[in-house]
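Architecture and fold: a report
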Amino acid sequence: MAETKPKPKPKIKKEAVAMPKQKPKERVKNFNEVALGYDEVQAIEEANRCLQCVKPQCVTGCPVEVPIPEFIKCIREKRYDEGIAIIKAKNALPAVCGRVCPQEEQCQVTCVVGRIGEPVSIGRLERYLADWEREHGFQKPEKAKPTGKKIAIVGAGPAGLTAAADLVKLGHEVTLFEALHLPGGVLIYGIPEFRLPKAIVRNEVNYIVNLGVDLRLGNQVGRIHTIPELMKSGYEAVFIGSGAGLPMFLGVPGENLGGIYSANEFLIRVNLMKAYNFPDYDTPLRLGKHVVVIGGGNVAMDCARSSMRLGAEVCLLYRRSREELPARHEEIENAEEEGLVCKFLAAPLRFNGDEKGWVKSMECRAMELGPPDASGRRRPIPIKGSEFTMETDTVIIAIGQTPNPIIQRTTEGLEANPKRGTIIVDENGKTSLDGVYAGGDVATGAATVISAMGMGKKAAKAIHEYLMNKK
Amino acid sequence: MTICDYDANKGTVSFAFHEVGKTTKGLGCLNVGDTLMNVTGPLGNPSEVKKFGKVLCVGGSIMIAPALLQLKAMKEAGNHVTAVLGCRSKDCIFMEQEAKALSDKLYVASDDGSIGYKGLDFLKDLLTTEKFDHCVVLGPVVMMREVCEITKPYGIPTIVTVTPIMVDGMGMCGVCRVTVGGEMKFGCIDGPEFDGHQLDFEELVQRQRLMLPEERLSSMLWEMHGGCNCGRNKA
């Protein structure tokens with residue numbers, strides 16, 4: 001690569017400034033955030049590792065195209081207000097993204113410093129600026145002249161919030177419909193407090209709502225109003241960002257026994273309904289002593305780490321090996337530091353219950369890895385005669401989610417993938433219906449917060465063009 | 001909760017509920033003009049209402065109220081409707097006059113026989129003498145199961161309304177999963193109405209009791225802390 005590097009910079013430190021964290025033994029007993037964030041000295045030190053490439057590779061890895069070197073330069077020069085404004089022009093949820101984006105697969109994987117040592121900790125620096133802004137008061141961006149166009153956005157998760165922010169800034173009248181009683185989508189019901197404090201989500205959502213978005217809670221589109229009804233009632237465009245909220249199950253006998261939770265059920269009870277404070281809060285959660293979490297993604301890690309914090313011994317059961325775990329490395333390391341036990345290369349065959357209908361054990365089978373499958377990961381193959389039984393009193397099934405089917409079922413003419421349940425869209429998020437766009441997990445299947453935001457952004461741009469060129 | 005009446009002009013919906021736990025007792029303490037933090041709905045699939053011919057409409061216990069809404073709709077769709085109201089004993093029967101006015105024929109039954117027929121066995125005689133094209137049942141799970149067992153030999157399509165435990169009611173948590181014809185279905189997005197002859201009632205009963213100890217604890221603590229403070233629960 002032919003980057004022209006600013007020469008005079010002295011040696012770049014190979015190691016990134018470490019993220020201060022709560023100690024594993026302490027944090028496993030509380031729901032407070034694990035990563036504590038850089039202080040000013042640490043942030044500047046890390047910012048100084050950036051080469052300020054003329055052709056920055058990091059930006060190419062960012063789904064929402066944040067001008068990364070520019071905001072890092074602002075940190076070096078202590079121009080924090082300008083730094084956060086640069087991010088916010090592209091990304092309305094920086095405090096969230098700084099915490100939960102898989103930077104190691106996106107901006108940081110292409111960072112030039114990464115070729116000689118650890119890449120610049122872009123996510124941590126983004127978080128630093130976002131947290132700085134929260135402490136110093138939010139700035140309000142300029143808004144374009146009102147266009148008089150009404151847009152409905154379905155789902156106040158990462159995709160919907162991003163689309164809402166972009167469209168309201170362009171001067172459109174935006175109504176954001178959310179089915180739950182709180183906005184944030186997976187940020188509020190899914191990702192646990194210790195990874196993403198809810199106060200931070202509330203702040204970022206409030207920022208977007210305060211741009212002038214009309215937020216309607218407790219309003220499940222597809223049931224209460226259908227998409228065609230919204231279009232008839234004066235909305236000229238609709239963006240569907242309803243996510244992938246439908247839990248998948250294994251399809252093995254005994255799955256409906258008591259004590260077997262979907263990851264969604266478990267996380268909604270814990271995060272959204274604060275079941276760890278039962279009976280002070282109304283929603284209970286019965287968690288036994290020996291919890292088995294089935295799956296290997298970030299959601300599985302969240303379930304496992306939440307269960308540990310609730311006092312259980314946790315075993316993660318994954319059908320492939322450690323190398324294939326789809327969870328972020330950082331989260332796997334955090335979980336292992338906290339005492340997570342993993343059982344790799346095994347899958348459940350059936351669950352057995354006690355006389356009251358509660359799970360008491362599970363029969364499993366060992367697996368070995370065969371050639372790679374369509375996902376590129378080596379396919380697990382059952383080993384004959386390797387059956388074994390595990391004692392357990394609580395099982396959490398975290399093997400994935402598919403899109404909620406309600407909108408697809410109640411919107412005539414909206415094309416969806418019959419197998420995966422996803423809404424079919426073109427590269428700009430346009431669906432088979434005129435004026436109807438979709439993005440995020442409902443279009444891609446379960447993916448990341450930032451990819452959903454990226455699609456929300458693209459669709460917002462397409463919706464703007466569609467509305468401004470209409471008649 | 002199942003909607004049991006509505007007035008589109010006034011913009012109101014009505015619910016009927018038994019005060020059995022913390023939430024329903026709390027709801028029972030509300031006064032005119034009070035507000036709830038969040039109400040969402042209607043959720044779930046709409047009922048299938050069309051002209052079937054002769055319809056048997058069975059409502060049990062508190063679900064008598066929504067059963068009457070179905071009854072009314074079935075009647076308006078041009079069906080001949082026979083209503084059955086079931087309850088524990090004569091103190092628990094309600095909306096009898098409304099049912100009488102809405103239906104072509106009305107039967108009442110109670111578990112203890114203190115009003116109407118004793119138990120639901122009379123239905124067997126009714127079904128041998130009269131032919132029905134469709135049956136809807138809303139009531140306690142044990143009652144719905146009994147009605148389904150009675151209608152099955154006669155091949156009368158029987159639709160039951162289930163209310164399993166739900167956290168969100170929108171397809172997210174999967175707590176409301178039921179087995180219908182050997183397949184996993186969600187009460188919230190696939191239901192709440194299912195073919196009663198295909199539904200695994202035993203599993204449904206078991207799953208409805210999953211959180212019973214926690215429900216009792218919540219209710220007890222609520223009472224201990226003075227309930228609604230109106231003194232009504234002390235009586």
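Residues numbered from 1 in each chain as written. Chains lettered and ligands numbered in written order. Predicted model: local features only at pLDDT ≥ 70, side-chain atom pairs only at ≥ 80, totals over all residues.

Quick notes on the domain arrangement of chain A
All names here are of chain A. The condition that has to hold: Either an automatic procedure or a domain database provided the assignment from which the domain bounds are taken. As a working rule, the residues Ala, Val, Leu, Ile, Met, Phe, Trp, Tyr, Cys and Pro are called nonpolar, Asp, Glu, Lys and Arg charged, and the rest polar, with Gly in that last group.
Domain assignment breaks chain A into domain 1 (24-136), domain 2 (150-245 + 402-469) and domain 3 (249-399). Placing the centre of domain 2 and that of domain 3 at their C-alpha centroids yields a distance of 30 Å. Residue composition of the side of domain 2 that touches domain 3, grouped by class: six nonpolar, two polar and two charged.

Observations regarding the pairing of strand S9 (residues 341-344) of chain A
All names here are of chain A. What counts, and what does not: Only when DSSP finds a minimum of two bridges between them are two strands counted as paired. A run of H or I in DSSP counts as a helix once it spans at least four residues, and a run of E counts as a strand once it spans at least two, with each numbered from the N terminus. Whether a crossover is right-handed comes down to one check: with the strands pointing away from the viewer, does the path from the first strand over the helix to the second run clockwise; if it does, it is right-handed.
Strand direction decides the pairing type here: strand S8 (residues 313-318) and S9, joined by four bridges, are parallel. Within the sheet, the bridge partner assigned to Cys315 lies in S9 and is Val341. In terms of handedness, the path from S8 via helix H14 (residues 329-337) over to S9 forms a crossover that is right-handed.

Looking at unusual backbone geometry
The following threshold applies: Neighbour density around each residue's C-beta defines its exposure: 20 or more other C-beta atoms within 10 Å make it buried, 12 or fewer make it exposed, and counts between make it partly exposed, where C-beta atoms are placed from the backbone.
Omega for the peptide link from A:Phe278 to A:Pro279 comes to 5 degrees, which places this bond in the cis form. With an omega of 0 degrees, the peptide bond running from B:Gly41 to B:Pro42 counts as cis. Mapped onto the elements of the fold, B:Pro42 is located in the loop between helix H1 (22-28) and strand S3 (54-60). Positive phi values are uncommon outside glycine, yet A:Leu345 reaches one of about 55 degrees. Turning to its location among the elements, A:Leu345 is positioned in the loop between S9 and strand S10 (346-353). Taking the C-beta count within 10 Å as the criterion, A:Leu345 has 20 such neighbours and is therefore assigned buried.

Side note on the nonpolar core
All names here are of chain A. How we decide: We define the nonpolar core as any set of buried residues of the types Ala, Val, Leu, Ile, Met, Phe, Trp, Tyr and Cys, connected via C-beta atoms lying within 7 Å of each other. With C-beta atoms placed from the backbone, a contact is any residue pair whose C-beta atoms sit within 7 Å.
Ranked by size, the top nonpolar core spans 185 residues in total, and within it Ala164, Phe239, Val293 and Ile396 carry the most contacts. The greatest single-element share of this core, amounting to 10 residues, is contributed by helix H17 (residues 449-469). Dropping the residues within four chain positions of it, Ala164 is found in contact with Ile153, Val174, Leu176, Ile208 and Val213.

Regarding the domain arrangement of chain B
Residue and element names in this part refer to chain B. For chain B, the domain assignment lists domain 1 (53-161) and domain 2 (164-211). Between domain 1 and domain 2, the contact holds 10 residues from the first and 11 residues from the second. Taken together, the elements giving at least two residues each to the side of domain 1 that touches domain 2 come down to helix H5 (141-151) and strand S8 (158-161). Here the side of domain 1 that touches domain 2 is composed, by residue class, of six nonpolar, two polar and two charged.

Details of the sheet that holds strand S1 (residues 150-154) of chain A
Residues and elements named next belong to chain A. Heads up, the rule is: Each axis is a line fitted through C-alpha atoms, and for a helix only the stretch in contact is used; angles between axes span 0 to 180 degrees, taken between their N-to-C directions.
Here we have five strands laid out as an open sheet, ordered S3-S2-S1-S4-S16, and parallel in their pairing. Of all the strands in the sheet, the pair left with one neighbour each is strand S3 (214-216) and strand S16 (436-438). Between one strand axis and the next, the sheet turns through 20 degrees on average, direction left out of account. Strand direction decides the pairing type here: strand S2 (residues 173-177) and S3, joined by three bridges, are parallel. Residue pairing across strands places Thr175 opposite Asp214, the latter belonging to S3.

Some details on the sheet that holds S8(A)
Residues and elements named next belong to chain A. Spatially, five strands are ordered S6-S14-S7-S8-S9 in an open sheet, and the strand pairing comes out parallel. Looking at which strands have only one partner, the edges of the open sheet turn out to be strand S6 (260-262) and S9. On average, each strand axis in the sheet is inclined to that of its neighbour by 20 degrees, with strand direction left out of account. Relative to S8, strand S7 (residues 290-294) is paired through five bridges, and the arrangement is parallel. Looking at S8, one finds that Val293 is bridged to Leu316. Strands S6 and strand S14 (394-397) of the sheet are contacted by helix H12 (residues 263-272), whose axis makes an angle of about 85 degrees with S6.

Notes on the interface of chain B and chain A
Across the boundary between the two partners, chain B contributes 29 residues, which contact 27 residues of chain A. The set of elements that each furnish at least two residues to the side of chain B that touches chain A consists of H1, strand S9 (177-180), helix H6 (201-208) and helix H7 (212-224) of chain B. Looking at which element gives the most residues to the side of chain B that touches chain A, the answer is H7(B), with four residues. Split into classes, the residues belonging to the side of chain B that touches chain A amount to 15 nonpolar, eight polar and six charged.

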